[in-house]
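Each chain, letter by letter, is given below.
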Amino acid sequence: MTMYNLTTDQRVDKALADNFLRQATRRATDRLRNNKYKASDELGNWEEWRNAGETIRKHVIANLDFYLHQLIEQMEKRGVHVHLAKTPADAVGIVRNIVREHDAKNVLKSKSMISEEIHLNHALEEDGAAAVETDLGEYIIQIAGEPPSHIIVPAMHKTRQQVADLFEPIAGHALSSDTPTLTRFVRIQMREQFLRGDIGITGCNFAVANTGSIVMVTNEGNGRMVSTLPRVQITLMGMERIVPSFRELDIMLNLLARSATGQRLSSYTTILTPPKKSADSDGPEEYHLVILDHNRSEILGDKLFRTALNCIRCGACFNVCPVYRQLGGHAYGSVYSGPIGSVITPLLEKDWKKWGHLPYFSSLCGACTEGCPVRIPLHDLLVKLRMRKTQSGHTPQVEQQIFKAYRYLFTREKTLRRALRLGAHLQWPFVRNHRITGGPAPLSNWTKSRTLPMVAPKPFMQIWADLNNKR
Amino acid sequence: MKVSLFATCLTNAFYPEVDLTMAKILKHLGHTVDVPEGQVCCGQIAFNSGYVDDAREVARTLINSFERSEVVVGPSGSCIAMIHHYYPTLFEKEPVYLKKAEDLIQKSYEFTQFVVDVLKKPDLGAHYKAKATYHPSCHATRLLGIGEAPLKLLQHVKGLELLPLPEAQLCCGFGGTFSVKMPKISEAMVAEKAEHVLASGADILLGLDMGCLMNISGYLEKINKPVKTMHIIQLLGEGMKS
Ligand code: SF4
């Protein structure tokens, strides 16, 4: 968790100084992005698919009450224990209680961003029932003690050699860093774990409301092991992760797999309609569904930000983001990084002091919006967050003054003309070779890495007026 | 046609020759050009920083100054995108100005878009012998949907060899206040952009937004790389002289 103790500036410095990380991130996001283009182009009408995705998500979010109710009803009818968690602490408490009740020692986990959001692993560790991450990427970062750096590829920032080094103490001998050796090692480790597990914890990509089914997609099949071998299963889901029926699920699975990794379908799509029935040969006998709110209800009621709940966590926005590309995920400091992380973290956590930097981790280039399979206007939402932060008085005084001055001058063209001519005189101390090379803050932030052109001796408006003999 | 120029705040202060050349080209094409008084800025810098109320007043000033114009043309995809994309939200609670904003949206164009799509004059008869590459700036491309127009203008410049820019879709890291608010991230981004510009083999980098070009040229200058940056308008203007 070391990243969490640094300031934003320190995290950015650390990321920018780490060439391994930056190369790995660049390479991995390029690959995912290009695969996505192939998989979306191949459909021939990707924009229509996006429209469909957007329509479905908007419909679900607008009718979330109804669908949640339907889902819970279906689940409870069959004997699933449904728990509603208002806060992350509530969710952690619920899981802890279940684990304690069963006196479970071996808890298995497949990938779940909700478990990261509520910092579940940490709590279970304290209880002496440490959960073993069974997703390869999650397993790696669990050993490293780091948060995920990408919602789809949590260990994106690690090179193969770094992974081999992490595994060495567990293996008891050096491992070569080729992929077959590393995956073989993990497979052996996991097999033992799977057989011993008494509780399985999984995430949930979609919950089908009208049948009460849970859908998980994985590429390693670990989700399937975690949801079949242990006798007790807990599924964690964010309350917005719903589709009405299998009809919509079909579209959403296509959008998710193609946008996330460029696959037509993820290698394993697991659909559970729990709990185990007497005729089933495997599956959990006891099933708990934990539905997390964590201020999602509030976002739902906020018309400026409601669309943020449409996200299907595909990670496509990460893979086209030029900021994420330079930094990787840890510099954001939040569990969810990348463009969508910068949008939802301040909304979920409601703490400008801690997360106020996130809306500014964007040049507003719009690549995220363009890449999003459900058309979330991410860069607009980032601007709206900045607006909210400004309006609630959380931006620096100096900045507020600067924009006051801006408003004064930039609504008075003639005054601005005089100011510019003054500027043209005042700039000389900072000029070298006809370029401005220094200056007071915040200008110096620019001139540290770039030069600036000189303020023209006469602004265009003056030149034009002179040419046309006006005043 | 009577064309009103929108001299953006950046070109007005730092690059008046871009505005002047734009006026010359439009006159050359047989149009009357005027520059309505009072205009300053689209307000984007405040809007994107979250200072909506300040942005609104700057936007109002701009709307007022172009109220009587027939068409408005500006040398920036980003500023025109601001008008098209955000003015409706900015004035959503003011019906009178919302109407005026919509009127401005209807009649305003980015320069290359106007010349190619409206005037249908992709060939300005320019000659310019050089190897150049083109940076498709983000707001022009993604918010205004400008794709072909600038390329069509450039393809008609005799002697100009247009080289592909690797990873052209990547933002240059300018982002207005982003460049001073997150200077290190911005620097990393412009460093990568510069890397691709140099790899393109071009001697000139072209674009249609001086903000991005100011950023990239400022960096290239700092690291002493001799790639020249020009607004498409500047290149066309030079090329039309000969
Ligand atoms: S915001 Fe859109 S692109 Fe980003 S993870 Fe969510 S669905 Fe995918």
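Predicted, not measured: the structure shown is a model, and the values here were computed from it.

Side note on the layout of surface pockets
Residues and elements named next belong to chain A.
Here is step 1 of the chain: Its volume calculated, the second largest pocket comes out at about 1,400 Å³.
Here is step 2 of the chain: Contributing to the lining of the second largest pocket are 50 residues, with Asp135, Ile152, Val153, Pro154 and Glu220 lying nearest its centre.
Here is step 3 of the chain: Those elements that provide at least two residues to the lining of the second largest pocket are helix 2 (19–41), helix 6 (113–117), helix 8 (136–144), helix 9 (160–171), helix 10 (179–196), strand 6 (213–218), strand 7 (232–238) and helix 12 (246–260).
Here is step 4 of the chain: Considering every element that reaches the lining of the second largest pocket, the biggest residue donor is helix 2, with six residues.
Here is step 5 of the chain: The residue inventory of the lining of the second largest pocket, partitioned by class, reads 26 nonpolar, 15 polar and nine charged.

Looking at the domain arrangement of chain B
Residue and element names in this part refer to chain B.
Here is step 1 of the chain: Segmentation of chain B into domains returns domain 1 (2–117) and domain 2 (122–241).
Here is step 2 of the chain: A separation of 22 Å is found between the C-alpha centroids of domain 1 and domain 2.
Here is step 3 of the chain: Opposite the 29 residues of domain 1 that make contact, domain 2 presents 24 residues.
Here is step 4 of the chain: Summing both sides of the interface, domain 1 and domain 2 together bury roughly 2,200 Å²; the carbon and sulfur share of this comes to 75%.
Here is step 5 of the chain: The largest per-residue losses of area from domain 1 upon contact with domain 2 belong to Tyr15, Thr112 and Val116, which jointly make up 22% of the total buried on that side.
Here is step 6 of the chain: Viewed at the interface, domain 2 and domain 1 are joined by zero salt bridges.
Here is step 7 of the chain: Linking domain 1 to domain 2 there are eight residue pairs in polar contact (both at pLDDT 80 or more).
Here is step 8 of the chain: For the side of domain 1 that touches domain 2, the secondary-structure elements that each account for two or more residues are helix 1 (9–13), helix 2 (16–28), helix 3 (44–47), helix 5 (77–90) and helix 7 (111–118).
Here is step 9 of the chain: When grouped by side-chain class, the residues that make up the side of domain 1 that touches domain 2 number 13 nonpolar, 13 polar and three charged.

Things to note about the packing of helix 21 (residues 413–426) of chain A against helix 23 (residues 460–467) of chain A
Residues and elements named next belong to chain A.
Here is step 1 of the chain: Helix 23 packs onto helix 21 with a crossing angle of 110 degrees between their chain directions and a minimal axis gap of 9 Å. Judged by the angle between their axes, helix 21 and helix 23 are roughly perpendicular. Of the residues in helix 23, those in contact with Glu413, Arg417 and Arg421 of helix 21 are Met461, Gln462 and Ala465.

What about the pattern of salt bridges?
Here is step 1 of the chain: Tallied over the full model, the rule gives 43 salt bridges over all chains.
Here is step 2 of the chain: For A:Arg241, the salt bridge goes to A:Glu240, with nearest N and O atoms at 3.0 Å. The two residues A:Arg241 and A:Glu240 agree in class, both being buried.
Here is step 3 of the chain: A salt bridge links B:Lys107 to B:Asp103; the nearest nitrogen and oxygen atoms lie 3.3 Å apart. Placement of both B:Lys107 and B:Asp103 in helix 6 (residues 95–107) is noted, with a separation of four residues, approximately one turn of the helix.
Here is step 4 of the chain: Salt bridges here are not isolated pairs; linked through shared partners, they connect A:Arg26, A:Asp30, A:Arg33, A:Arg325, B:Glu167, B:Glu192 and B:Glu195.

Describing the environment of A:Glu125
Here is step 1 of the chain: Along the chain, the position of A:Glu125 falls in helix 7 (residues 120–126).
Here is step 2 of the chain: A:Glu125 sits 99 residues away from A:Arg26 along the chain, and the two C-alpha atoms are 34 Å apart.

As for the site of the ligand
Here is step 1 of the chain: Inspection of the region around the ligand gives 13 residues, with A:Cys311, A:Cys314, A:Gly315, A:Cys317 and A:Cys372 positioned closest.
Here is step 2 of the chain: Its residues placed into classes, the shell around the ligand shows 11 nonpolar, one polar and one charged.

A look at unusual backbone geometry
Residue and element names in this part refer to chain A.
Here is step 1 of the chain: The step from proline 274 to proline 275 runs through a cis peptide bond, and the omega angle for that step is -5 degrees.
Here is step 2 of the chain: Among the structural elements, proline 275 can be located in the loop between strand 9 (268–272) and strand 10 (286–292).
Here is step 3 of the chain: Between alanine 441 and proline 442 the backbone carries a cis peptide bond, its omega angle lying at 0 degrees.
Here is step 4 of the chain: Phi angles above zero are rare outside glycine, and arginine 375 is one such case at about 55 degrees.
Here is step 5 of the chain: Note on placement: arginine 375 falls in the loop between helix 18 (367–371) and helix 19 (378–391).
Here is step 6 of the chain: Positioned with a positive phi, asparagine 433 is a non-glycine residue whose angle comes to about 50 degrees.

Topic: the sheet that holds strand 8 (residues 242–243) of chain A
Residues and elements named next belong to chain A.
Here is step 1 of the chain: Read from one edge to the other, the open sheet built from four strands follows the order 8-5-6-9, with strand pairing classed as mixed. Because the sheet does not close on itself, it has two edges, and the strands there are strand 8 and strand 9.
Here is step 2 of the chain: With three bridges connecting them, strand 5 (residues 206–208) and strand 6 associate as antiparallel partners. Each residue of the ladder has a partner; that of valine 208, found in strand 6, is serine 213.
Here is step 3 of the chain: Along the sheet, helix 12 contacts strand 5, strand 6, strand 8 and strand 9; its crossing angle with strand 5, the most-contacted strand, is approximately 170 degrees.

What counts as what
Residues numbered from 1 in each chain as written. Chains lettered and ligands numbered in written order. Predicted model: local features only at pLDDT ≥ 70, side-chain atom pairs only at ≥ 80, totals over all residues. Heavy atoms only, no water. 1 Å grid on protein atoms, 1.4 Å probe; cavity = no way out; pocket = protein on both sides within 12 Å on 5 of 7 lines; lining within 4 Å. Points joined across faces, edges and corners; volume = space filled by probe spheres on them. Helix = DSSP H or I, 4+ residues; strand = E, 2+ residues; numbered from the N terminus. Nonpolar A, V, L, I, M, F, W, Y, C, P; charged D, E, K, R; others polar. Domains from an automatic or database assignment. Contact = heavy atoms within 4.5 Å. Buried area = accessible area lost by both parts, 1.4 Å probe. Salt bridge = Lys/Arg side-chain N within 4 Å of Asp/Glu carboxyl O. Polar contact = N/O pair within 3.5 Å; in protein donor to acceptor, adjacent residues only side chain to side chain. Axes fitted to C-alpha atoms, helices over the stretch in contact; angles between N-to-C directions. Parallel < 35°, antiparallel > 145°, perpendicular 65-115°, else oblique. Buried < 20%, exposed > 50% of the residue type's maximum accessible area, 1.4 Å probe, protein only. Near = heavy atom within 4 Å. Pairing = 2+ DSSP bridges.

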